[in-house]
Amino acid sequence: MSRRERGPDTDPGSGGAGAAAEDAALAEPEGPEQCLSLLPWDRFSAWLHCVCVVGFDLELGQAVEVIYPPHSKLTDKEKTNICYLSFPDSNSGCLGDTQFCFRFRRSPGRKVSFCCFLDQLDRDLPVYLKKDSAYYYGYVYFRQVRDKSLKRGYFQKSLVLISKLPYVHLFRTMLKQIAPEYFEKSEAFLEAVCSDVDRWPPPVPGKVLQLPIMGVIMKLRIPTYRDKPGTTPIVQNMHQADAQISMALPTVHEVDLFRCFCPVFFHIQMLWELVLLGEPLVVMAPSPSESSETVLALVSCISPLKYCSDFRPYFTIHDSEFKEYTTRTQAPPSVILGVTNPFFAKTLQHWPHIIRIGDIKLPGEVPKQVKVKKLKNLKTLDSKPGVYTSYKPYLNKDEEIVKQLQKGVQQKRPTEAQSVILRRYFLELTESFIIPLERYVASLMPLQKCISPWKSPPQLRQFSQEDFMKTLEKAGPQLTSGLKGDWIGLYRHFLKSPNFDGWFRSRQKEMTQKLEALHLEALCNENLVFWSQKHTEVETVDLVLKLKNKLLQANREHLPVKTDTLEKLQTHINDIILALPDDLQDILLKTGTT
């Protein structure tokens, strides 16, 4: 069955979110969003790729029992990865219900249909929330309970949401809502869940969205790149009139930062440096919940910078990249791995930075000062919690943040408030570091007076490491941060990292598009008809074709130009064509551009 067809018929009312809730979710979106309402399963695909159920078979081991909707495509390699990543390692001893997430590579060569509108939404997201089309996330709700009626003596099953979206808090909340009921009701319930998701509005950044799911409505807002970093516009709780709205989500993607960093919070600044520089990092934890949350916390600590290397919140010995990431024949790659299997303590001994955490509990007492340990002391996964590395931080330690968090623990400050303090600290540190780079890169932009409508747009000037370093004396991080240390050394190291490469490529693209947009505006301000009258027909035809290509490029690349500029350019094209002989008019009006 193709993805454009319906799966098994389900009663639109199943899931009973209430008529009013359904009306809210089914209200036809305006503008370009309408394309999402045209075809079955398009709305579902905007949020999820599929839902899987992974069970344990005595003969086969872990196996995908159900994929829904049935037309969802997964390769054998993807199914194998999902199977092994959806269950905790046997040594974790996760009895009861456990939630965690993983990330895995999509198989190459797969065509992605229905992406134009989602790409448009992606452009409005902050850079750290943009989807990476090469990866899927798996959000897991695993249940293991004793059951004497089964040969193995245990009921073991995972409900897994597969998505390209990194909205960990949203999908965690959704699973908490649906998984316990699914384990009681089974497959018909899953159909009803997917039917509900297929009536959700599209994931438009900046809008308050209402998502009905099995009788409950989740109310949330996806951030946009226009939001001021560090601010989260609050989604108001329901009024009396919105009686069906049961939960307002404060975030779609953030984890409890303080809870994750509590076991190692004396080293948060050093960990920030390691993540910023894209250093190979392993998180060794007792369960996938702890490993996945800690890896996600590490990746988010350099926000609003995007972490550009690979990261695996939960990684197993069965992973298809296991050999690639554990080989000793080359230096460890720039990646953050979350592991729970004791085997990794031996396999990854050669990795330069290892974080060992115990069970994460809500801190009720001040954590004890833990020194950085030498790697040779890490022999097994049972080694004491701590950071094992020989890395010497470039910046002096900020004692203030440690005191502030310790005081919060003593005063029993809520962990949410501690997380806000920690997130603000990381944000200010990252912004102090990146502002000098932003300022220097902005200076590489040619002046507007250099843009001529009759020449190609000018090129950006080359990035020079030495020129940038010279700017730091007067306009360095000291303007916004009181931290002392070897900032120059930190910048030199950062400029060789994947995070700098990703950041600079993104800035380069933005600035090049800005130059193209300014060039378009310069063209629109010229009297092009008058120009064409002074030139030959061949030159005029050449101009028309170039202008058509410009218009096509502006639409294809969504250049930052005003709508009226594009309309003006189209008018110029039409006017020039109409001034030409009839035979040429017919040809040019029919001619498309590539």
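What you see as residue numbers is a count from 1 along each chain, following the sequence as written. Per-residue local features are limited, in this predicted model, to residues with pLDDT of at least 70; the limit for side-chain atom pairs, both in listing and counting, is 80 or more; totals at the level of whole chains, interfaces and linings are taken over all residues. Hydrogens and water are ignored here; the side-chain numbers use all heavy atoms of the structure.

Going by an unreviewed UniProt entry, the protein chain carries the name Protein DENND6A and comes from Lepidothrix coronata. What UniProt records for the protein chain under Sequence similarities (unreviewed entry) is the sentence "Belongs to the DENND6 family." UniProt positions are given in the numbering used here, feature names are shortened, and annotations may be inferred rather than shown by experiment.

Here we take up the overall build of the protein chain. Helix and strand assignments follow DSSP, with helices taken as H or I runs no shorter than four residues and strands as E runs no shorter than two, numbered in order from the N terminus. Check the secondary structure of the protein chain and you find 20 helices and 13 strands. With a 1.4 Å probe rolled over the protein chains alone, any residue whose accessible area is under 20% of its type maximum counts as buried; one over 50% counts as exposed, and the rest are partly exposed. Taken over 594 residues, the protein chain has a buried fraction of 52%. Contacts: residue pairs with any heavy atoms within 4.5 Å of one another. Pairs at least 24 residues apart make up 73% of the contacts formed inside the protein chain by residues separated by at least 6 positions. In short, Shrake-Rupley with a 1.4 Å probe defines the accessible areas, and a residue's cover is counted only from the protein chains shown. Roughly 28500 Å² of accessible area belongs to the protein chain as shown, and the carbon and sulfur atoms make up 52% of that amount.

Per-chain confidence: the protein chain averages 83 in pLDDT, with 84% of residues scoring 70 or above. For the stretch residues 1-37, pLDDT sits under 50, and the model shows 79 contacts to residues farther than four places along the chain or on other chains. What pLDDT reports is the predictor's confidence in each residue, on a scale of 0 through 100.

All right, on to the pairing of strand β1 (residues 50-57) then. Working note: regular strand, side chains alternate between the two faces of the sheet. Burial within β1 is extensive, with 6 of its 8 residues counted as buried. Only strands that DSSP links by at least two bridges are regarded as paired with each other. When β1 meets strand β5 (residues 154-163), the two strands line up antiparallel, connected through 6 bridges. Within β5, the residue paired with C52 across the bridge is V160. In the sheet, β1 pairs with strand β2 (residues 61-68) via 7 bridges, with the strands oriented antiparallel.

A separate point is the packing of helix α16 (residues 498-524) against helix α19 (residues 563-578). At a closest axis distance of 9 Å, the pairing of α16 and α19 adopts a crossing angle of 50 degrees. Judged by the inter-axis angle, α16 sits oblique to α19. Pair α16 / α19 crosses with left-handed handedness. Residues L520, E521, L523 and C524 of α16 lie in contact with α19, whose contacting residues are T565, L566, K568, L569 and H572. Here the axes come from fitting lines to C-alpha atoms, over the contacting stretch only for helices, and the angles between their N-to-C directions go from 0 to 180 degrees. Small angles under 35 degrees read as roughly parallel and large ones over 145 as roughly antiparallel, with 65 to 115 read as roughly perpendicular and the rest as oblique. In this scheme the handedness of a crossing depends on how the near helix is turned from the far one: anticlockwise by less than a right angle means left-handed, clockwise means right-handed.

Bringing the packing of aromatic side chains into the picture now. Aromatic ring pairs are defined here through the distance separating the ring centres and the angle between the ring planes. Any two rings among Phe, Tyr and Trp, with Trp reduced to its six-membered ring, count as a pair given centres within 6.5 Å; such a pair is stacked if its planes are under 30 degrees apart, edge-to-face if over 60, and tilted if neither. Within this structure, the stated rule accounts for 36 aromatic pairs. Between the aromatic rings of F258 and F265, the centroid separation amounts to 6.0 Å while the plane-to-plane angle is 40 degrees, which identifies the pairing as tilted. Between F468 and Y491 the ring centres are 5.3 Å apart and the planes differ by 80 degrees, which places this aromatic pair in the edge-to-face class. You can see F468 sitting in helix α14 (residues 465-475) and its partner Y491 sitting in helix α15 (residues 487-494), a full 23 residues away along the chain. Both residues of the pair, F468 and Y491, belong to the buried class. Members of the aromatic cluster, joined through ring pairs, are W272, F433, Y440, F463, F468, Y491, F494, F500, W503 and F504. Of note, R103 hangs over the ring of Y135, and the distance from its end group to the ring centre comes to 3.8 Å. Comment: the charge-over-ring label is applied if NZ (Lys) or CZ (Arg) is within 6 Å of the ring centre and within 35 degrees of the ring normal.

Turning our attention to the sheet that holds strand β11 (residues 335-339). If you trace the 5 strands from one edge of the open sheet to the other, you get β10-β11-β9-β12-β13, paired in mixed fashion. Of all the strands in the sheet, the pair left with one neighbour each is β10 (310-312) and β13 (386-389). On average, adjacent strands in this sheet sit at an angle of 15 degrees to one another, irrespective of strand direction. The pairing of β10 with β11 spans 3 bridges and is parallel. Paired with F311 across the bridge in β11 is I336. Against the sheet, helix α9 (residues 288-300) touches β9 (281-284), β10, β11 and β12 (353-356), its axis set at about 160 degrees to β11.

Of all 10 residues that make up β5, 8 are buried, and the element is covered over most of its length. Pairing analysis gives 10 bridges linking strand β4 (residues 135-146) to β5, with the strands arranged antiparallel. Bridging from a neighbouring strand, F142 pairs with S158 of β5.

Turning next to α9. In a helix, the anticipated span is given by 1.5 Å times the number of residues less one. The terminal C-alpha atoms of α9 lie 18 Å apart, and with 13 residues this matches the ideal 18 Å at 1.5 Å per residue to within 8%. Within α9, 12 of the 13 residues are buried, which leaves it mostly tucked inside the rest of the structure. Among the residues of α9, P288, S289, E290, S291, S292, E293, T294, V295, L296, A297, L298 and V299 are the ones counted as buried.

All right, on to the nonpolar core then. Each nonpolar core is a collection of buried residues, namely Ala, Val, Leu, Ile, Met, Phe, Trp, Tyr and Cys, held together in the definition by side-chain atoms within 4.5 Å. Core analysis: the biggest nonpolar cluster contains 115 residues, and W47, M174, F261 and L437 have the highest contact counts within it. Tallying contributions element by element places helix α13 (residues 415-442) first for this core, with 10 residues. Setting aside residues no more than four positions away along its own chain, F261 makes contact with I268, L271, A297, L298, C301, L422 and F426. L520, W531, L547 and A554 belong to the second largest nonpolar core, which has 23 residues in total.

For the rest of this paragraph, the subject is the sheet that holds β4. Strand order in this open sheet of 5 strands is β2-β1-β5-β4-β3, and the pairing throughout is antiparallel. Either end of the sheet is taken by a strand with one partner, and the two such strands are β2 and β3 (96-105). Each strand of the sheet is rotated relative to its neighbour by a mean of 25 degrees, with strand direction disregarded. Relative to the sheet, helix α3 (residues 76-85) contacts β1, β2, β3, β4 and β5, its axis offset from that of β3 by approximately 150 degrees. Lying on the sheet, helix α5 (residues 168-185) is in contact with β1, β3, β4 and β5; it crosses β4 at an angle near 40 degrees.

What follows is about the pattern of salt bridges. A side-chain nitrogen of Lys or Arg and a carboxyl oxygen of Asp or Glu constitute a salt bridge if their distance falls within 4 Å. Per the counting criterion, the structure on display carries 25 salt bridges. One salt bridge connects E65 with K157, and the closest N-O pair in it is separated by 3.0 Å. On the criterion of sequence distance, the pair formed by E65 in strand β2 and K157 in strand β5 is long-range, its members being 92 residues apart. We classify E65 as partly exposed; its relative accessible area is 43%. Judged by its relative accessible area of 19%, K157 is buried. Residue D97 is joined to R143 by a salt bridge in which the shortest nitrogen-to-oxygen separation is 2.9 Å. Linking D97 in strand β3 with R143 in strand β4, this pair joins segments that are 46 residues apart in sequence. For D97, a relative accessible area of 38% corresponds to the partly exposed category.

In this section: a negative patch on the surface. Patch membership requires over 30% relative accessible area and the absence of a salt bridge. Like charges are linked within 9 Å, and nonpolar side chains (Val, Leu, Ile, Met, Phe, Trp, Tyr) within 5 Å. In summary, the charge assignment counts Lys and Arg as positive and Asp and Glu as negative, without counting His or the chain termini. The atoms used to mark charge sites are NZ of Lys, CZ of Arg, CG of Asp and CD of Glu. A cluster of acidic residues, E537, D582, D583 and D586, forms a negative patch at the surface. Looking at the negative patch element by element, the count peaks at 3 residues for helix α20 (residues 582-590). Here D586 is to be found in helix α20. Accessibility expressed as a relative area gives 45% for D586, which makes it partly exposed.

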